[in-house]
Amino acid sequence: MSKLIAVAGKGGTGKTTVASLIIKHLIATRRTPIFAVDADPNYTLGEALGIEVEKTIGMMREDFIGERAEIPAGMAKEAVLERQFHASVQEAKDVDLLVMGRQEGPGCYCYLNNVLRNFLDMLTGDYKYVVVDNEAGMEHLSRRTTQKIDVLLTVCDHSVKAARAAGRIAELVDELQLRVKDRFVIVNRAPDEISKEVQAEIDRVDLKVLAILPEDENITAADVKGRPLVDLPDDIPSYMALISELEKLLT
Ligand SMILES: Nc1ncnc2c1ncn2[C@@H]1O[C@H](COP(=O)(O)OP(=O)(O)O)[C@@H](O)[C@H]1O
Ligand SMILES: [Mg+2]
C-alpha cells in the first residue's frame, strides 16, 4: 500500500517548494518509486522536479470531450480513456509525474472523472509514495475518497492571517470528509522561532507545527536560473529544516 502525502495551502505559500523538497528526500533515502501528482491548475511541480510536462489530464479530457481522440473499432470508451490517462504520466528515473492541468470547462465530466478516479486508485498501488501538490480548493483530493491521506501538510507563511487560512483549509478538509491520519502545518519563510501571535493562532485553529523553514537564498537562486529544486545540495537550510522533522513521520 502506498503512503500518500498531500501538500496544501494558499497560492504562493510554498506548496510546490515543499512538495519538491519532500520528493528530493524520498529519492535520497531510496523510498522509490514515487508518484507525484500536480493538482494545481497553475502547475509548476514539473519544473521543480526537472521533468518536462507534455500532456496534462485537462488536455486529455478536452480532446476526449471534443471527440478528437480516436477510438479504435471494438475498443471500449473507458479503455481508451484509461490508455490516454496513462499516456499523460511523465516517467522519470525515480518519479512519475501526473499533471492535472486546468480545471474543466462547461460540460459533464462525471463519467471522465470516475474513470480518472479508478485509474488513479489502480495506479497509485504501484508506488511506495504518492505526493500530491494540491490546489487551494482540494477538489482533486475530494474526488478520490477511496484512499486515505497519511500526512496532510498545510504550508503557510509567517503571519497570523496565513495561520488562520491554514485553519480554514483544515476545516475544508473536514467538510470534504477526507480521511486524514496526520496533519501539520509548515511555516515557510519564517525566522527560527515563530512569533507568539502566529503560534497562538496556530494553536487556536488546533494545528501543530511540523517544521519551520527559513527564507532560503538557494531556492531563490534556483528560481532565478530556472533550475530544478531537487538538484539543490543536501545542506541547504530549508531542506535540512524540513527533512529532520519529516523523517519522524516516515519511520
Ligand atoms: N523558503 C523559501 N525561501 C525562498 N524562496 C521561497 C521559499 N519558499 C518558496 N519560495 C519561493 O516563493 C515562490 C512561491 O513558492 P511556490 O512553492 O511556488 O508556492 P505555491 O506552490 O504554494 O504557489 C516561488 O518563487 C518560490 O521559489
Ligand atoms: Mg505551486
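Scroll up a little and you will see the structure.
Residues numbered from 1 in each chain as written. Chains lettered and ligands numbered in written order. Predicted model: local features only at pLDDT ≥ 70, side-chain atom pairs only at ≥ 80, totals over all residues. Heavy atoms only, no water.

Peer 1: Looking at this model, I keep getting lost on the packing of aromatic side chains. Mind explaining?
Peer 2: For any pair of aromatic rings, geometry is given as the distance between the ring centres together with the angle between the planes. With the rule as written, the count across this model stands at 2 aromatic pairs. Seen from their ring centres, Phe85 and Phe119 are 5.7 Å apart, and the 40 degrees between their planes marks the pair as tilted. Of this pair, Phe85 sits in helix 4 (residues 77–87) while Phe119 sits in helix 5 (residues 110–124), and the two are 34 residues apart along the sequence. The two residues Phe85 and Phe119 agree in class, both being buried. (Phe/Tyr/Trp six-rings, centres within 6.5 Å; stacked < 30°, edge-to-face > 60°. Helix = DSSP H or I, 4+ residues; strand = E, 2+ residues; numbered from the N terminus. Buried < 20%, exposed > 50% of the residue type's maximum accessible area, 1.4 Å probe, protein only.)

Peer 1: What exactly am I supposed to notice about helix 5 here?
Peer 2: Each α-helix turn comprises 3.6 residues. Residues three or four places apart therefore point the same way. The terminal C-alpha atoms of helix 5, which comprises 15 residues, lie 21 Å apart, in line with the 21 Å expected from a rise of 1.5 Å per residue. All buried positions along helix 5 are accounted for by Leu112, Asn113, Val115, Leu116, Phe119, Leu120, Leu123 and Thr124. Down the axis of helix 5, the sector holding all buried residues measures 155 degrees, keeping them to one side. Buried residues along helix 5 sit against strand 2 (34–38), helix 3 (57–65), helix 4, strand 3 (89–91), strand 4 (95–99) and strand 5 (129–133). (Expected span 1.5 Å × (residues − 1). Arc of directions from axis to C-beta. Contact = heavy atoms within 4.5 Å.)

Peer 1: Just to check I follow, could you spell out the site of ligand 1 for this structure?
Peer 2: In the neighbourhood of ligand 1, 16 residues make up the surrounding shell, with Gly12, Thr16, Thr17, Asp216 and Asp223 lying closest. With respect to ligand 1, the backbone of Gly12 contributes an N or O atom lying 2.7 Å from an oxygen atom. Here Thr17 contributes a side-chain N or O atom positioned 2.6 Å from an oxygen atom of ligand 1. If ligand 1 stood free it would expose 550 Å²; the protein chains cover 82% of that surface. At the level of secondary structure, the elements contributing two or more residues to the shell around ligand 1 comprise helix 1 (15–28) and helix 9 (217–225). In terms of residue class, the shell around ligand 1 is made up of 2 nonpolar, 8 polar and 6 charged. (Near = heavy atom within 4 Å. Polar contact = N/O pair within 3.5 Å; in protein donor to acceptor, adjacent residues only side chain to side chain. Areas by Shrake-Rupley, 256 points an atom, 1.4 Å probe, with all protein chains shown as cover. Nonpolar A, V, L, I, M, F, W, Y, C, P; charged D, E, K, R; others polar.)

Function-wise, these values are silent; they only describe arrangement.
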